[in-house]
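Listed here are the chains, written in short residue letters.
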Amino acid sequence: MKRMFAVLVVCSALIAASTLSASAQVVVTGTAGNAHFKFAVPATWNGDLVIWNHEYSLNAIAPFTINPANPLDGLGPLAAVQFSQGYALAASTYRQVGWAVFQSNHDLQSMIDAFESQFGAPNRILVTGASLGGLVTIRAIESADLGNIVGGLTICGAIAGSRNWDGALDFRLIYDAVCSAVPGAAIPGGAHGLPEGSSITAEQVALAAHQCTGILVPPPLRTPAQQTRLTTILALTAVPENFFLRVLGFATFGLSDLVDDQGKLHGKIGTGNANVDYGHAEINESIARVTPDPGAHNRLENNYTPTGDVGGTKIVSLHTDKDGFVIVENESEYASRVPPGNFTTAVVVEAVPTHCEFTAAEVVASWESLRGWLAGGPQPTPATIQGTCLAVAPIVGGACRINPAFVIPDMDSRIRPR
């Protein structure tokens, strides 16, 4: 019966979403606090607001535009369903590029102030987000003064927070230890990412990595030495091969932005590896050892390492098991901090490693499971979310790959503790 109810709810939502009428009160974009926002409020607003937080980007996000064919663009993957269910929707860009959590609470507060000035305070707020937006969501739940936040949904979220930078630092310094002596493979900068003011491009980084590892060609075209070096790096970092260049880019350009931005770490390094044992004698001997600047370390921890202090807010989190960019161990790290009665994680087991590539059914099932929980139902489990997924899949499309038996590894098994 519960599964049938979920099917009917989603079916009616999709029918309504497909026929957005002129009476729908779709609000154009605006600017507040150096970030751009967009609101959409249905004519029959239920009084609740859903906030969407977007992913990590090193490019400035352009202002939201109004697409006549789809006025809900930019408000998240569930916008059509949520709007048809009567929720008002809101999303903000970030005033910072990259690791935007230094100012994200301020961005959201400015957005809420603008929303309330036009529509009044919402009865309840549900905060959602993907990738970095998952961490923005958690920080908002834990520490932002936005109003009555009752629920959260994170999708492939970086919810272990600043500890993800330990993994980025390790990847960059392991690359340097393995590759810096290979002709044409050295990348300047090391633990700083890149030297301040560097003009090196992503294409140049990729070509350097190729000189060391042959990453740009299929395995049969690599030299034995290239394959050995690539295998060593991947074994020590547990990064899937198809994520190698993406993670190296993050550990180069992302780290550089984090360190050099005067609104972030002011040119200082916030994480280190002075006492890390990499389980490899040659790497332990040759890798650069870095001690973080105490002030930068504290600033990075504060922006942001989650506390788990969520009050009564209920959170559902969805992740893939093989994500090589925002690793699934983020879920176990956050679960170790938050009360178990406030947090449910469902893990999708995929055949090929991806970042945030869920089916429509998996995302809708997570949303509907959170809604049912907020409506007074029992706390969802991975098994019940998978059941809801199977119920809605014939309508919304996509496979249901949530494995209730999946055990999320501890973060220390993937990113060596400092």
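Residues numbered from 1 in each chain as written. Predicted model: local features only at pLDDT ≥ 70, side-chain atom pairs only at ≥ 80, totals over all residues. Heavy atoms only, no water.

### Focus: the state of the cysteines
Thought 1: Going through the model one piece at a time under the given rule, you end up with three disulfides.
Thought 2: Two residues share a disulfide in this structure: Cys156 and Cys356, whose sulfurs sit 1.7 Å from each other. Handedness here is read from the sign of the S-S torsion; for Cys156 and Cys356, about 90°, the answer is right-handed. Separated by 200 residues along the polypeptide, Cys156 in the loop between strand E6 (149-155) and helix H5 (164-179) and Cys356 in the loop between strand E8 (343-348) and helix H12 (360-374) bring together distant segments of the chain. (Disulfide = S-S within 2.5 Å. Helix = DSSP H or I, 4+ residues; strand = E, 2+ residues; numbered from the N terminus.)

### Regarding empty space enclosed by the protein
Thought 1: The tally for this structure, following the rule as stated, stands at four cavities of 30 Å³ or more.
Thought 2: What lines the largest cavity is a set of 23 residues, among which Asn164, Gly167, Ala168, Phe325 and Ile415 lie closest to the centre.
Thought 3: Elements supplying a minimum of two residues to the lining of the largest cavity: H5, helix H7 (224-237) and helix H8 (244-260).
Thought 4: Considering every element that reaches the lining of the largest cavity, the biggest residue donor is H5, with six residues.
Thought 5: A per-class count over the lining of the largest cavity returns 15 nonpolar, five polar and three charged. (1 Å grid on protein atoms, 1.4 Å probe; cavity = no way out; pocket = protein on both sides within 12 Å on 5 of 7 lines; lining within 4 Å. Points joined across faces, edges and corners; volume = space filled by probe spheres on them. Nonpolar A, V, L, I, M, F, W, Y, C, P; charged D, E, K, R; others polar.)

### What to know about the packing of aromatic side chains
Thought 1: One pass over the full model with this rule turns up twelve aromatic pairs.
Thought 2: With a centroid separation of 5.4 Å and 75° between ring planes, the pair formed by Trp99 and Trp165 is classed as edge-to-face. Here Trp165 lies in helix H5 and Trp99 lies in the loop between strand E4 (88-92) and helix H3 (104-119), a separation of 66 residues in the sequence.
Thought 3: The exposure class assigned to Trp165 is buried, which follows from its relative accessible area of 0%.
Thought 4: Ring geometry for Phe171 and Phe244: centres 5.5 Å apart, planes at 65°, overall edge-to-face. Of the two residues, Phe171 sits in helix H5 while Phe244 sits in helix H8, which places them 73 residues apart along the sequence. (Phe/Tyr/Trp six-rings, centres within 6.5 Å; stacked < 30°, edge-to-face > 60°. Buried < 20%, exposed > 50% of the residue type's maximum accessible area, 1.4 Å probe, protein only.)

### A short note on the confidence of the model for the chain
Thought 1: For the chain, the average pLDDT comes to 93, and 94% of its residues sit at 70 or higher.
Thought 2: Across residues 1-23, confidence stays below pLDDT 50; counting only partners more than four residues off in sequence or on other chains, it has 29 contacts. (pLDDT = per-residue confidence, 0-100. Contact = heavy atoms within 4.5 Å.)

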